[in-house]
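# An overview of the molecular structure
Chain by chain, the residues run as shown.
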Amino acid sequence: MEVDRIILLAVLLQQAFVGAPCLYLNSTIDVDKPPYSDSPSIHQLAIYAATHPNKTKAFAENAVGIVYPTLTASLAIGSRGPILLQDFFLIEKLQAFNRNNIPARIVHAKGAGARGYFEVTHDISRYTKAAFLQPGKRTNVAARLSGANGDAGGPDTFLNDFKGFAVKFYTEEGIHDLLSLNVKNFFLRDAVLFDAMSRAFKRNPQTHLFDQSALMDMISERPEMTTFLLLIMSNGIIPKSYRSVKAYALNTYKMVNSHGEAVYVKFTWVPHTKEEFFTLEDAIKMYALPNVLIQDLYDNIAKNNFPSWTLSIQVMTFDQAEKHPENPFDPTKNWKTDEYPLIPVGTLTLNENHKNYFINVEQIAFSPSNMVRGIEPSPDRVLQARLFAYPDAQLYRLGTNFAQIPVNACPFEVKTYRVNGPLNVGSNGEDAPDYYPNTFHGINSNDNRSFKQNVFNVSGDVDRVDTGNDDNFSPAKYFWEHEICADERKSIISNLITNLSRVEKRIQKKVLKRNLYTVNKKLGDKVKAGLHL
């Protein structure tokens, strides 16, 4: 019976959130053939050994190239005496181990990465002068696909966890980053709430357990999160493969062409791999294989089954933006494709696994502020805040000169007056003047009109306006009534009941009244009945 299934899911959900072992029910694993027995990731070390001859004459060296006397014994007094502080080889190894990790990302802590290229297939030069988006252009990229709210060591199928899709373009005009999620509506429209919402997704400060009551309490207090609630309760939130992620750059950007004409745009990544998703029950079962998405991406690239996506844009003119019935810069809403159709731009292909995860995936640093000429910010409030928050996070995680780490480095030598700082491994301006203006032939000021940003007017009263009472439910109603089928509605209802079953009744009633009934009465009635309220 459906009720029995929901009770079982609730029990499994409880086990998943408190960290107890959960059964791998209905497993299809062949006991005579271990899972992924033909997996390149499982056999990575054997592949390395087979492709790298044994270097019998190579000795391990320390950080400055001095050969270790031995890697298995400390310098000590006799066989039972104490070690000596002068064993700087031991000291260096311990110091390096203590500093082995860098601070984890607060969000998107766990992810997979790969390299590839982006190739423009359609002409959008009438919208942008960005060199890497001109017809026929091919640009090297690095991508990171990640879970948004789980721990660095948590399962790839962490419940209700939307996915990140970040791409770094190594363009001839500098680094350009495009960050997306696999939900088309964000959970807030004012970044002042971002830290609170992120904490609601994280662990309870006393129990250190993931707390559904906190998450649902926060959502019920902010009605603009209603569409997002339906999205994270849908089966479409957890893909069976990163290769099938459809992703949306939720913020609105501005594109400027070579004539200085500007339009507003949204970006969408559409996978060439068929979209498939885990149900809530499947996701809990997959906790037995916590790295299923990372492994799937690695193995398919290793087997030359390269994933690819089409990048498309939606375009809105300034005049259309002024007349748009909703705020076009509100990331809790999306532009309907029947009004603003998807315009294809090009194809992203990931065809190379990184040689070292820490160097190329853990240290990769993305920021929406990395925008080449021809792409600029819009008045999107969340985007405006992200322009500061992301590079500031990288300064904390990686240090002042994080942009010099090879995976983050510009593909050409950067000419800059920014100098010094820890771990500066660039030219640091060499012997040139390090101030401007100067009369000693330093770097030009780049007074080049082709690099001038689009001119726009701003007017209005400066005030702190809480936008919580804006139109919060039209997107959710449209999603429920027009964008999903009956089976998907049934899954969302079941998932809502399962998740809300672990929440205090007071908060259950708030979610029903403030979120679900405002979307659809039948939706509210069925969830209410399932919760026995």
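Residues numbered from 1 in each chain as written. Predicted model: local features only at pLDDT ≥ 70, side-chain atom pairs only at ≥ 80, totals over all residues. Heavy atoms only, no water.

## What to know about the nonpolar core
Selection rule: Only buried residues count toward a nonpolar core. Its members are Ala, Val, Leu, Ile, Met, Phe, Trp, Tyr and Cys residues joined through side-chain atoms within 4.5 Å. Burial here depends on accessible area, computed with a 1.4 Å probe over protein chains only, as a share of the maximum for the residue type. Under 20% is buried, over 50% is exposed, and the range in between is partly exposed. Helical segments are the DSSP runs of H or I of at least four residues, strand segments are the runs of E of at least two, and each set is numbered from the N terminus.
Judged by nonpolar contacts, the single largest core of 95 residues is most densely connected at Phe-118, Phe-162, Met-197, Trp-269 and Val-527. With six residues, the single largest contributor to this core is strand β5 (residues 247-256). Within the second largest apolar cluster, 12 residues are counted, among which are Ala-142, Phe-366, Leu-398 and Ile-405.

## Observations concerning the pattern of salt bridges
Between side chains of opposite charge, a pair can form when the charged atoms approach closely. Where we set the bar: Criterion for a salt bridge: a side-chain nitrogen of Lys or Arg within 4 Å of a carboxyl oxygen of Asp or Glu.
The final tally for this structure, using the stated rule, is 22 salt bridges. Of the charged contacts in the structure, one is a salt bridge between Glu-172 and Lys-137, with a shortest N-O distance of 2.4 Å. You can see Glu-172 sitting in the loop between β3 (163-171) and β4 (174-181) and its partner Lys-137 sitting in the loop between β1 (111-120) and β2 (138-147), a full 35 residues away along the chain. Linking Asp-190 and Arg-381 is a salt bridge whose minimum nitrogen-to-oxygen distance equals 3.9 Å. Taken together, the residues Asp-190 in the loop between β4 and α4 (194-201) and Arg-381 in helix α11 (residues 381-398) connect sequence positions 191 residues apart.

## A look at the environment of Val-292
Tracing the chain through its elements places Val-292 in helix α8 (residues 292-302). With relative accessibility at 7%, the residue Val-292 sits in the buried group. Remark: the alpha-carbon pair of Val-292 and Lys-240, spanning 52 residues in sequence, is separated by 8.2 Å.

## Points about unusual backbone geometry
Cis geometry is found at the peptide bond from Tyr-436 to Pro-437, where omega equals 0°. Residue placement: Pro-437 occurs in the loop between α11 and α12 (474-483). At Leu-423, a residue that is not glycine, the phi angle is positive and equals roughly 55°. Along the chain, the position of Leu-423 falls in the loop between α11 and α12. Classification of Leu-423 by relative accessible area gives exposed; the value is 70%. Residue His-441 is not a glycine yet carries a positive backbone phi of 65°. Here His-441 shows up in the loop between α11 and α12.

## Let's talk about the pairing of strand β6 (residues 262-271)
We apply this condition: Note: two strands are recorded as paired if DSSP finds a minimum of 2 bridges between them.
Burial of β6 is extensive: nine of the 10 residues sit out of reach of the surface. The sheet contact formed by β5 and β6 spans seven bridges and is antiparallel. Counted as the bridge partner of Tyr-248 is Thr-268 from β6. Note: β6 against strand β7 (residues 308-316), eight bridges, orientation antiparallel. The residue bridging Lys-266 from the neighbouring strand is Gln-314, located in β7.

## Topic: the environment of Leu-531
Put simply, the test is: Contacts were defined at the residue level, with two residues in contact if any of their heavy atoms lie within 4.5 Å.
Within the element layout of this structure, Leu-531 appears in the segment after α15 (521-530). Here Leu-531 falls in the buried class, since its relative accessible area comes to 7%. Once the C-alpha coordinates of Leu-531 and Asn-353 are considered, the two residues, 178 residues apart in sequence, prove to be 46 Å apart. Leu-531 has contacts with Ile-497, Leu-500, Ser-501, Lys-505 and Gln-508, leaving out every residue within four places of it along the chain.

## Overview of the packing of α12 against helix α13 (residues 486-500)
Relative orientation and spacing of two packed helices are given, respectively, by the angle between their axes and the distance between those axes. Quick note on the threshold: Axis definition: a line fit to C-alpha positions, over the contact stretch in the case of helices; interaxial angles, taken between N-to-C directions, run 0 to 180 degrees. With respect to orientation, any angle under 35 degrees is reported as roughly parallel, any angle over 145 as roughly antiparallel, any angle of 65 to 115 as roughly perpendicular, and every other angle as oblique. Three classes are used, and their members are as follows: Ala, Val, Leu, Ile, Met, Phe, Trp, Tyr, Cys and Pro are nonpolar, Asp, Glu, Lys and Arg are charged, and the others, Gly among them, are polar.
Viewed as axis vectors pointing N to C, α12 and α13 meet at an angle of 130°, and their least axial separation amounts to 9 Å. It follows from the interaxial angle that α12 and α13 lie oblique. For the pair α12 and α13, contact is made by Phe-479, Trp-480, Glu-481 and Glu-483 and by Glu-488, Arg-489, Ile-492 and Ile-493, respectively. Residue classes in the contact of α12 with α13 are distributed as four nonpolar, no polar and four charged.

## Some remarks on the packing of aromatic side chains
The geometry of an aromatic ring pair is captured by the separation of the ring centres together with the interplanar angle, meaning the angle of the planes. What counts here: Two aromatic rings, drawn from Phe, Tyr or Trp (for Trp, its six-membered ring), form a pair once their centres lie within 6.5 Å of each other, and the interplanar angle then sorts them: stacked below 30 degrees, edge-to-face above 60, tilted otherwise.
Within this structure, the stated rule accounts for 19 aromatic pairs. Taking 5.3 Å as the distance between ring centres and 50° as the angle between the ring planes, the aromatic pair formed by Tyr-68 and Phe-89 counts as tilted. You can see Tyr-68 sitting in the loop between α2 (44-51) and α3 (88-98) and its partner Phe-89 sitting in helix α3, a full 21 residues away along the chain. For the residue pair Tyr-68 and Phe-89, the accessibility class agrees, reading buried in each case. Ring geometry for Tyr-264 against Phe-318: centres 4.4 Å apart, planes inclined by 5°, an arrangement best described as stacked.

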